[in-house]
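Listed below, chain by chain, are the residues.
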Amino acid sequence: MADTNLIEYHRTGDVLKDTEEIVDAARKRAYQSVNVLLVQRNWLIGRRIAEEELSQSGRAEYGLEVIKSLAKSLTKKYGRGFTKSNLYSFYSFYREFPEIFQTPSGKSGTLLSWSHYNVLLQVKDRKARDWYEREAFQEGWSVRTLQRNVSSQYYYRMLKTQQPEAVKQEMQMLTSSYQDKLEFIKNPVIAEFLGMQEDTSYLESDLEQSIIDNLQKFLMELGKGYAFVARQQHIHTEKEDYYIDLVFYNYILKCFVLIDLKTKKITYQDVGQMDMYIQMYDELKKRPDDNPTLGIVLCTDTDEDIAKYSVMHGNEQLFASKYKLYLPTDEELRAEIESQKAFFKLAHNDSENNKDDILKPSQYVL
């Protein structure tokens, strides 16, 4: 008798294809299990906060005090994931979706992810939110696709258009790169829920990872006051998760130095994103006696835009007269990146050649 709990897959006669289907199916089932528990946990926490608020005759200020106190205690015990902002999102989740576990999807355990619901909470129009929820579930939208559609007013554009199919096709084309079937592996919320460290190896390509590895060593060996702070540092805003490739503190300049690597030619948007990182660092990390945070955006293309330096608050004079004494020059950065690209290419070619030697059809038998 077949075990209905076993993962189902289709036998194709191709062992690799069948094995990949088994792995993907197992990951999907594992994600579904974690996801249901995560959504339940957050909803229950939200309900408990609401109940506590009601015990004080519905005083909203009391609810905020409860959230503040809980955030402090839970963070001390469990670590990340229980900030005041997150707890308020749980509370809002319960208030906006009070009957979610009475719906067919809630009863069957086929809910959207918590990150999806967090995006849906941005939508105040109940009809629009219900529509986005239904479409995200039926069409299998990733979190990034849902966020883009909410931000671009997709629901209202579909209501007004005379050509809904054309609007839908355009949306699918623009969001095709967002539909990552392994999105849940990269999701920092899942890592926090399981009490695990985020697997940042999924966040960069092999070449980028190699360059970042060596940039870290390169800056530490410059001997100009660099102290390593963090790598792939996670910054969460209301709508997005960002990762700063490298963070240093320069004890001579008395400032943080942020470095971000891009695979293409640097754009104004990339510099704008770095400026956002700088502002957030100045607000959250910089001490009163520190100088303004400095950002460096790098690209792997070899052109005049190999490096862009950014500093906020109009400190151009400080930047020009002092910072450049302790920063790597454009030429140094360009040379380091180019050398790592050359080493990576050589190592990759050697690896491919060795693999060909090992895996010649005449040399192995299944």
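Just so it is clear, the structure is predicted and the values come from calculations on it, not from any experiment. (Residues numbered from 1 in each chain as written. Predicted model: local features only at pLDDT ≥ 70, side-chain atom pairs only at ≥ 80, totals over all residues. Heavy atoms only, no water.)

Caption draft 1: Structural view of the overall build of the chain. Summing up its helical and strand segments, the chain has 15 helices and five strands in all. The burial tally for the chain puts 39% of its 366 residues in the buried class. When the accessible area of the chain is evaluated, it comes to approximately 22200 Å², of which 53% is carbon and sulfur surface. (Helix = DSSP H or I, 4+ residues; strand = E, 2+ residues; numbered from the N terminus. Buried < 20%, exposed > 50% of the residue type's maximum accessible area, 1.4 Å probe, protein only. Areas by Shrake-Rupley, 256 points an atom, 1.4 Å probe, with all protein chains shown as cover.)

Caption draft 2: View of a positive patch on the surface. Positive charge collects at one region of the surface, where Lys68, Lys72, Lys76 and Lys84 lie side by side. With three residues, the top contributor of residues to the positive patch is helix α2 (residues 60-78). Relative to the helices and strands, lysine 76 is located in helix α2. (Patch = residues over 30% accessible without salt bridge, like charges linked within 9 Å, V, L, I, M, F, W, Y side chains within 5 Å. Salt bridge = Lys/Arg side-chain N within 4 Å of Asp/Glu carboxyl O. Lys, Arg positive; Asp, Glu negative; His and termini not counted. Charge placed at Lys NZ, Arg CZ, Asp CG, Glu CD.)

Caption draft 3: Summary view of unusual backbone geometry. Despite not being glycine, glutamine 153 shows a phi value in the positive range, around 60 degrees. Judged by relative accessible area, glutamine 153 falls into the partly exposed class, the value being 40%.

Caption draft 4: Seen up close, the nonpolar core. Leu87, Phe93, Tyr117 and Tyr132 are the most contacted members of the largest nonpolar core, which totals 37 residues. Broken down by secondary-structure element, the contributors of at least two residues to this core are α1 (15-54), α2, α3 (84-96), α5 (114-120), α6 (126-139), α7 (143-151), α8 (154-160) and α9 (164-175). The contact partners of leucine 87, leaving out residues within four places of it in the chain, are Ile45, Ile49, Ile67, Leu70, Ala71, Leu74 and Phe82. Counting residues in hydrophobic clusters, the runner-up holds 16 residues, among them Ala230, Tyr242, Leu258 and Met274. (Core = buried A, V, L, I, M, F, W, Y, C linked by side-chain atoms within 4.5 Å. Contact = heavy atoms within 4.5 Å.)

Caption draft 5: Summary view of the pairing of strand β3 (residues 255-262). Buried residues dominate β3, accounting for eight of its eight residues. On β3, burial covers both faces: Cys255, Val257, Ile259 and Leu261 on one face and Phe256, Leu258, Asp260 and Lys262 on the other are all buried. Relative to β3, strand β2 (residues 241-250) runs antiparallel, the two being bridged by five bridges. Residue valine 247 lies in a different strand from β3, and its bridge partner there is leucine 258. Counting the residues that bridge the hairpin from β2 to β3 gives four residues, and of these lysine 254 lies at a positive phi of roughly 55 degrees. (Pairing = 2+ DSSP bridges.)

These figures come from the coordinates and say nothing about function on their own.
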